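Tertiary structure, described
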Amino acid sequence: MSIMEEEELEFSDDLEAILHLSPEVQLAIEQVFPSQDPLDRADFNAVEYINTLFPTEQSLANIDDVVNKIRLKIRRLDDNIRMVVRGQTNVGQDGRQALEEAQKAIQQLFGKIKDIKDKAEKSEQMVKEITRDIKQLDHAKRHLTTSITTLNHLHMLAGGVDSLEAMTRRRQYGEVANLLQGVVNVLEHFQKYMGIPQIRQLSERVKAAQSELGAQILADFEESFPSQGSKKPGGPSNVLRDACLVANVLDPRIKQEIIKKFIRQHLSEYLVLFQENQDVAWLDKIDRRYAWIKRQLVDYEEKYGRMFPGEWFMTERIAVEFLYTYAFCKCETLY
């Protein structure tokens, strides 16, 4: 055997080793590229294939045509292989170009994202500055509103104190009742500002006006209903009715003193009529005591029922005071 034939035999063996594919790969190829050509079969046998082409000796007469067809098929396969190889070459070039374009696009996209991030950070900083400014403006607005409200209250307090002092001197109790409550309410807003001399002075003036009102109202009731002597003729005055409204706003002790003085004066006649040396003072005439208190209650309702506020319950107070202080104690002395 010549050297060339040995080389061709080795090349054939190497080529056969290279073209030998695993069953899994061969099955995948058949599924992707199905073919009925015997040359594409994995178990292709050249001898069987030639015997199929030339089954008899007479068929060898067509050997030239068969060879030409095989050569034509080989050329077509070579052409297809060249086209595929060239296509793969172009695909590689296109792939590199696409990869470069993708990298450029990624760089551009990264740049745009960075710009958006920078703009977002600037916007966030701007929003923080705007929010800080808004908060400052809101604090300023709140302080300004508080200052205006405080100034209005101070103006109302100063004017109210002046009016209160003037009305007190003129005994305009009807106007004083409403004004005093308003002044007291406004003064409550200035409790935390009592360290300011002007505010402290206004507060002292209000307290002085309250004290003066209390003493003045007690003096008016004492004059109208003296502790000693009989009641003055005539009904109650509107001044005393308004004075009761003022007493509701003053120290509760003023109200209690008015009630105490009036009831004591209203029941003072009882001590005179039912002294121990009087005939009507005996226990068998006790019905006269209750008849007397009944007349006194009716007299109170007719003359003084509208002078005292309803929430003072003066009728009930008179009855209770009579029972527990006058009638009860007096009856005990009869046993």
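The preceding data block contains the structure.
Below: a short report on this structure. Not measured: the values here are computed from a predicted model. (Residues numbered from 1 in each chain as written. Predicted model: local features only at pLDDT ≥ 70, side-chain atom pairs only at ≥ 80, totals over all residues. Heavy atoms only, no water.)

**A word on the overall build of the protein**
Helix and strand counts for the protein come out as 11 helices and zero strands. When the elements of the protein are put in sequence order from the N terminus, they spell out α-α-α-α-α-α-α-α-α-α-α. For the protein, buried positions account for 22% of its 335 residues. A fraction of 68% describes how many contacts in the protein between residues 6 or more apart in sequence connect residues 24 or more apart. Carbon and sulfur atoms form 57% of the exposed surface of the protein, whose accessible area is close to 24,600 Å². (Helix = DSSP H or I, 4+ residues; strand = E, 2+ residues; numbered from the N terminus. Buried < 20%, exposed > 50% of the residue type's maximum accessible area, 1.4 Å probe, protein only. Contact = heavy atoms within 4.5 Å. Areas by Shrake-Rupley, 256 points an atom, 1.4 Å probe, with all protein chains shown as cover.)

**With respect to the packing of aromatic side chains**
On inspection of all chains with the given rule, the structure shows 10 aromatic pairs. Ring geometry for Y290 and F322: centres 6.2 Å apart, planes at 85 degrees, overall edge-to-face. One end of the pair, Y290, is in helix α10 (residues 286-304); the other, F322, is in helix α11 (residues 314-332), with 32 residues separating them in the sequence. Y290 gets classed as partly exposed once you look at its relative accessible area, which sits at 41%. Taken together, the aromatic side chains of F221, F262, Y300, Y304, F308 and W312 make up a single cluster linked through ring pairs. (Phe/Tyr/Trp six-rings, centres within 6.5 Å; stacked < 30°, edge-to-face > 60°.)

**Quick notes on the pattern of salt bridges**
According to the stated counting rule, one finds 11 salt bridges in the structure shown. A salt bridge links D220 to R171; its shortest N-O distance comes to 3.2 Å. Here D220 is found in helix α6 (residues 197-224), whereas its partner R171 is found in the loop between α4 (63-169) and α5 (173-188), with 49 residues between them in sequence. Of the charged contacts in the structure, one is a salt bridge between R253 and D251, with a shortest N-O distance of 2.8 Å. According to the relative accessible area criterion, D251 is partly exposed, its value standing at 32%. Residues joined by salt bridges that share partners form a network here, namely D162, E165 and R205. (Salt bridge = Lys/Arg side-chain N within 4 Å of Asp/Glu carboxyl O.)

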